[in-house]
Amino acid sequence: QVQLVESGGGLVQPGGSLRLSCAASGFMFSGSVMSWHRQAPGKERELVATISSTGGSTSYADSVKGRFTISRDNAKNTVLLQMNSLAPEDTAVYYCNVKLLRNYWGKGTLVTVSS
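Structure report, in brief. (Residues numbered from 1 in each chain as written. Predicted model: local features only at pLDDT ≥ 70, side-chain atom pairs only at ≥ 80, totals over all residues. Heavy atoms only, no water.)

**Section: the overall build of the protein chain**
Phase 1 of the analysis: When you go through the protein chain residue by residue, the secondary structure sums to 0 helices and 11 strands.
Phase 2 of the analysis: Each helix (α) and strand (β) of the protein chain, taken in turn from the N terminus, gives the series β-β-β-β-β-β-β-β-β-β-β.
Phase 3 of the analysis: By the compact-globule yardstick of 13 Å for 115 residues, the protein chain fits well, its C-alpha radius of gyration being 13 Å.
Phase 4 of the analysis: Along the first, second and third principal axes, the C-alpha atoms of the protein chain reach 40 × 25 × 20 Å.
Phase 5 of the analysis: Within the span of the protein chain, comprising 115 residues, buried residues form 41% of the whole.
Phase 6 of the analysis: One way to put it: in the protein chain the 11 positive side-chain charges average out to a point 6 Å from where the 7 negative ones average out. (Helix = DSSP H or I, 4+ residues; strand = E, 2+ residues; numbered from the N terminus. Rg over C-alpha atoms; globule rule 2.2 N^0.38 Å. Buried < 20%, exposed > 50% of the residue type's maximum accessible area, 1.4 Å probe, protein only. Lys, Arg positive; Asp, Glu negative; His and termini not counted. Charge placed at Lys NZ, Arg CZ, Asp CG, Glu CD.)

**Points about the nonpolar core**
Phase 1 of the analysis: Met34, Trp36, Val79, Leu81, Met83 and Tyr94 are the most contacted members of the largest nonpolar core, which has 29 residues in total.
Phase 2 of the analysis: Elements with a contribution of two residues or more to this core: strand 3 (18–25), strand 4 (34–39), strand 5 (46–51), strand 7 (68–73), strand 8 (78–83), strand 9 (92–99) and strand 11 (109–113).
Phase 3 of the analysis: Excluding anything up to four places from it in sequence, Met83 contacts Gly16, Ser17, Leu18, Leu20, Arg67, Phe68, Tyr94 and Val111. (Core = buried A, V, L, I, M, F, W, Y, C linked by side-chain atoms within 4.5 Å. Contact = heavy atoms within 4.5 Å.)

**A few points about the environment of Ser32**
Phase 1 of the analysis: Here Ser32 shows up in the loop between strand 3 and strand 4.
Phase 2 of the analysis: A residue is classified by how much of its surface remains accessible, and Ser32, at 8% relative accessible area, is buried.

**Points about the environment of Met34**
Phase 1 of the analysis: Mapping Met34 onto the fold places it in strand 4.
Phase 2 of the analysis: Judged by relative accessible area, which is 0%, Met34 ranks as buried.
Phase 3 of the analysis: Along the backbone, Met34 and Cys96 are 62 residues apart, and their C-alpha atoms lie at a distance of 7.5 Å.
Phase 4 of the analysis: Filtering out sequence-adjacent residues up to four positions away, Met34 remains in contact with Leu4, Phe27, Phe29, Ala49, Thr50, Ile51, Ile70, Arg72, Val79, Cys96, Asn97 and Val98.

**Overview of the pairing of strand 5**
Phase 1 of the analysis: Examined bridge by bridge, strand 4 and strand 5 share 5 bridges and lie antiparallel to one another. Following the sheet pairing, Trp36 is matched in strand 5 by Ala49.
Phase 2 of the analysis: Turn length for the strand 4-strand 5 hairpin, with the two strands adjacent in sequence and antiparallel, is 6 residues, and the turn residue Gly42 shows positive phi of about 75 degrees.
Phase 3 of the analysis: If you look at the hairpin formed by strand 5 and strand 6 (residues 58–60), you'll find 6 residues sitting between the two strands, and Gly55 has a positive phi there, around 85 degrees. (Pairing = 2+ DSSP bridges.)

Right, dumping it as C-alpha cells:
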C-alpha cells in the first residue's frame with residue numbers, strides 16, 4: 001500500500017534552516033508528481049511546493065519562494081524540502097503528498113520556528 005513517511009521536523013530559531021525528508025513506498029515513485037503541504041494551527045492546509053516526476057520542474061507558494069527548495073531522489077524514493085531563512089509564520093505540520101487515484105498523505109512532521 002502507499003506509504004509516505006515524513007521526518008526532519010523540529011524546533012529551530014528564526015533565520016535557521018531545516019531539511020525535511022519524505023520516504024515513499026507502494027507506488028511508482030519515479031513516475032509521480034510529489035508535493036509538500038503544511039498546516040499551521042487554526043489554518044487550512046496549504047500547498048508549499050511541487051516537483052515533477054523527473055525533478056525537472058518545480059513550483060512554490062509565494063510565501064516560500066527563494067527560501068525553500070524541493071528536490072527528489074528517484075533512486076531512493078525520497079522527496080526533500082530544504083527550508084532556509086525560517087520565520088515564525090513557517091511554524092506548521094508539514095505533509096508529504098502524492099495524488100494517484102486519490103490523494104495520499106503522510107502523518108506529517110512538526111516544524112516550530114521560535115526563539
